[in-house]
Amino acid sequence: MELTVLRMKRVAGRWYWRTTPAVKALGFSDEALGDDTDKAIARARELNAEVEAERVRRSGLQPAILPNSVADLIAKYQASPQYAKLAPKTKHEYRLLLNRIEKVAGNKLVASITRAWLVTGYEAVQKKSGLATANAVMRIWRIVLGHACDRGMIDVSPADGMRLIGTQARTQLWTPDQVEIFCAAAIEADRESLALAVRLALDIGQRQGDILALKWSDYDGTAFSLVQGKTKHALRVPVTPAMQALLGKVKRDAVQVIVSEATGRPYQKFHFGHEFARIRALAQLPAELQFRDLRRTAATELGAAGATDDEIRAVTGHRSRGVVAVYVRPDDRMAAAAQSKRSSVRSEIGKFSKK
């Protein structure tokens, strides 16, 4: 056990953290640490980290990463094979959350993190930014603290088994009228590319990133062959006859199928999101209607048409039937189809019983 910790002194059997005039000038004062050596060491290191952070803040220098701190842990995780194998979009999302964590707790020692501290932080984020964000941040805490266990920084993760409040599954679907209204508004605003993107997403049930990445070379006249960006799953998805006819009329002036009229180049994610929201507002459609809901709508339409789970997965690329069950939202078409099948079975049973 390390007993030589900067500014930590033992007096009459108790531990104290003693400041110098320079440290006092930074706003710190002496603190009694108690007689528990392990807790005293942890607190002294924490106070020393706070002193270093305050010095850096006042000097305007780039902070040095403190060994065994949260910033140190994040750096090690981002250099790990586990992080390297993540899809680019997932890396981007993780990086935003990791930056958020580092900004709040970068100088905190990993060994000083407790379950109670995590719960308090979880509740604070939930109050400020909402439940979905709080859950996302806590999932990243679970990952990095698990990495800390793997690297020997701690023995047990305080995030293990921590319960998160469940969020309600998204159920939003596009109606046929909403699709037509949006596409008409997009064409009126000289954004036929947005109309095509919406119709394509509904037709082949793919994520926004995969729709924007589609190339004409991926299309053979009847189907698109693609590798999904999120899952790396290879698919060949046939298009409907209506989509074949529509694609036959689209000019092929670029490599990508979806190209911005403003730039003549493929859309960047945030530019596309901005344009989509602008057209949605022009169409006077509800703000809760999102592009990602087209994928759920496509899966639901396939289910309503009688497609099996495996047939739906062959289009959407979902790996498990369980995920398909989340995406496919039962509606009145499915209820009517189910009752029709039931009536047919009853009719057959009736014919058989009369013989």
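Residues numbered from 1 in each chain as written. Predicted model: local features only at pLDDT ≥ 70, side-chain atom pairs only at ≥ 80, totals over all residues. Heavy atoms only, no water.

Topic: the side chain of Arg280
So, step 1. Along the chain, Arg280 falls in helix 12 (residues 269-282).
So, step 2. Separated by 2.8 Å, the side chain of Arg280 and the backbone oxygen of Leu289 make a polar contact.
So, step 3. If sequence neighbours within four positions are ignored, Arg280 has contacts with Phe182, Leu285, Pro286, Ala287, Leu289 and Gln290. (Helix = DSSP H or I, 4+ residues; strand = E, 2+ residues; numbered from the N terminus. Polar contact = N/O pair within 3.5 Å; in protein donor to acceptor, adjacent residues only side chain to side chain. Contact = heavy atoms within 4.5 Å.)

Here's the deal with the nonpolar core
So, step 1. Grouped together as the largest cluster of nonpolar side chains are 40 residues, with contacts concentrated most on Leu200 and Phe224.
So, step 2. Once residues lying within four places of it in the same chain are set aside, the contact partners of Phe224 are Leu200, Ile204, Leu214, Lys215, Asp218, Tyr219, Leu235, Arg236, Val237, Val239, Leu247 and Val257.
So, step 3. In this structure, Val110, Leu118, Tyr122 and Ala148 belong to the second largest nonpolar core, which totals 27 residues. (Core = buried A, V, L, I, M, F, W, Y, C linked by side-chain atoms within 4.5 Å. Buried < 20%, exposed > 50% of the residue type's maximum accessible area, 1.4 Å probe, protein only.)

Brief notes about the pattern of salt bridges
So, step 1. Within the structure shown, the criterion is met by 13 salt bridges.
So, step 2. Of the charged contacts, one joins Glu46 and Lys108 as a salt bridge, the two residues approaching to 2.8 Å between their closest N and O atoms. Taken together, the positions of Glu46 in helix 2 (residues 37-59) and Lys108 in the loop between helix 5 (88-105) and helix 6 (115-129) put the pair 62 residues apart, joining distant regions of the chain. In this pair, the class of Glu46 matches that of Lys108, namely buried.
So, step 3. We note a salt bridge from Arg236 to Asp220, for which the minimum N-O separation is 2.7 Å. Here Arg236, found in strand 5 (residues 234-238), pairs with Asp220, found in the loop between helix 10 (208-213) and strand 4 (223-227); they are 16 residues apart in sequence, far enough to count as distant.
So, step 4. Under the relative-accessibility criterion, Asp220 is labelled partly exposed at 48%.
So, step 5. Salt bridges here are not isolated pairs; linked through shared partners, they connect Glu31, Arg43, Glu46, Glu50 and Lys108. (Salt bridge = Lys/Arg side-chain N within 4 Å of Asp/Glu carboxyl O.)

Looking at the layout of surface pockets
So, step 1. In this structure, the largest pocket encloses a volume near 2,200 Å³.
So, step 2. Considering the residues around the largest pocket, the lining is formed by 50 residues, among which Lys89, Glu93, Lys230, Lys269 and Arg292 are closest to the centre.
So, step 3. Contributing elements (two or more residues each) for the lining of the largest pocket: helix 5, helix 7 (131-150), helix 10, helix 12, helix 13 (293-304) and helix 15 (321-327).
So, step 4. Looking at which element gives the most residues to the lining of the largest pocket, the answer is helix 5, with eight residues.
So, step 5. The space that makes up the second largest pocket amounts to roughly 550 Å³.
So, step 6. Around the second largest pocket, the lining comprises 23 residues; the ones closest to its centre are Glu192, Ser193, Val250, Lys251 and Glu261.
So, step 7. Elements supplying a minimum of two residues to the lining of the second largest pocket: helix 8 (176-188), helix 9 (192-204) and helix 11 (241-249).
So, step 8. Ranked by the residues each element gives to the lining of the second largest pocket, the list is headed by helix 9, at five residues. (1 Å grid on protein atoms, 1.4 Å probe; cavity = no way out; pocket = protein on both sides within 12 Å on 5 of 7 lines; lining within 4 Å. Points joined across faces, edges and corners; volume = space filled by probe spheres on them.)

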